[in-house]
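Reading the structure
So you can see what is in the structure, the chains are spelled out below.
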Amino acid sequence: MLHLAISANWLYPVRMTQSEIRLVAATLEQKPVVANLVQLYLYDMTESMPFPVGADGRFEYGFLDRFWCFPYLIYAGDEIAGFALVIDECPLTGRQPCFFMAEFFILKPYRRRGAGQAAVAAALRAHPGDWHIAVPLANAAAMAFWSAALSRHEPRRSAINFDGDDWLLNAFVA
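I will try to describe carefully the structure that is included in this document. Source: prediction; values computed, not measured.

This next bit is on the packing of aromatic side chains. What characterises a pair of aromatic rings is the spacing of the ring centres plus the angle enclosed by the ring planes. Per the stated rule, a full pass over the model turns up 11 aromatic pairs. The interplanar angle of 15° and the centroid separation of 5.5 Å between the aromatic rings of F63 and F67 together place this pair among those described as stacked. For F67, a relative accessible area of 7% translates into the label buried. Judged by centre distance (6.0 Å) and plane angle (45°), the rings of F83 and F105 are tilted. In this pair, F83 is assigned in strand β5 (residues 79-87) and F105 in strand β6 (residues 99-106), connecting sequence segments 22 residues apart. Both residues of the pair, F83 and F105, belong to the buried class. Among the aromatic residues, those joined into a ring-pair cluster are F70, F99, W131 and F172.

Our focus in this paragraph is the nonpolar core. Within the largest apolar cluster, 56 residues are counted, with the highest numbers of intra-cluster contacts made by V34, I74, F83, M101, F104 and W146. The contacts of V34, once residues within four sequence positions are left out, are A26, L64, W68, L73, F83 and L85.

Bringing helix α3 (residues 140-150) into the picture now. The α-helix winds at 3.6 residues per turn, so residues separated by three or four positions along the chain end up facing the same way. Of the positions making up α3, those classed as buried are A142, W146, A149 and L150. Looking down the long axis of α3, one finds its buried residues gathered within 80° of arc, a one-sided arrangement. Turned more than 90 degrees from where α3 packs its buried face, A140, A141 and A144 sit exposed. Turning to α3, the residues buried within the fold contact β6, α2 (115-126), β7 (130-136) and β9 (165-173).

Procedures and definitions
Residues numbered from 1 in each chain as written. Predicted model: local features only at pLDDT ≥ 70, side-chain atom pairs only at ≥ 80, totals over all residues. Heavy atoms only, no water. Phe/Tyr/Trp six-rings, centres within 6.5 Å; stacked < 30°, edge-to-face > 60°. Buried < 20%, exposed > 50% of the residue type's maximum accessible area, 1.4 Å probe, protein only. Helix = DSSP H or I, 4+ residues; strand = E, 2+ residues; numbered from the N terminus. Core = buried A, V, L, I, M, F, W, Y, C linked by side-chain atoms within 4.5 Å. Contact = heavy atoms within 4.5 Å. Arc of directions from axis to C-beta.

Printed below as a string of structure tokens:
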């Protein structure tokens, strides 16, 4: 449910509190739910990166099984607000053990309201230790989000090229 406040005849979204955002481990039965959300995630990503669409009209994505290590659904109250896929190795550097945010997505109605930052904080608390979070340089919105979300962890940042794309790698301990 979108929380709205009324002020001077204008409606504007209210910032979510951390207690309203829950990171819940996804079950195998919920894998199709995450697969559906991946389609929305890829659609959003096409603003900065190309993703092929298959003959069935869906974006091609062959990583869900590989990234189904620590899958999460993100809830705002009782509504799904996004998903996160955490794995226990960094595919860009090969570092193990090292947690890696393989995919992270917040639905548009919950963006810029604190949902993403609260979900990231919950994921980091759930997996203490070394982390790598990589952000494609082509995705300006993701660059801004991750810079803010990780600022308190003071990550070591380095440029990395992986599979033909340029990324900013954030390395830190949570």
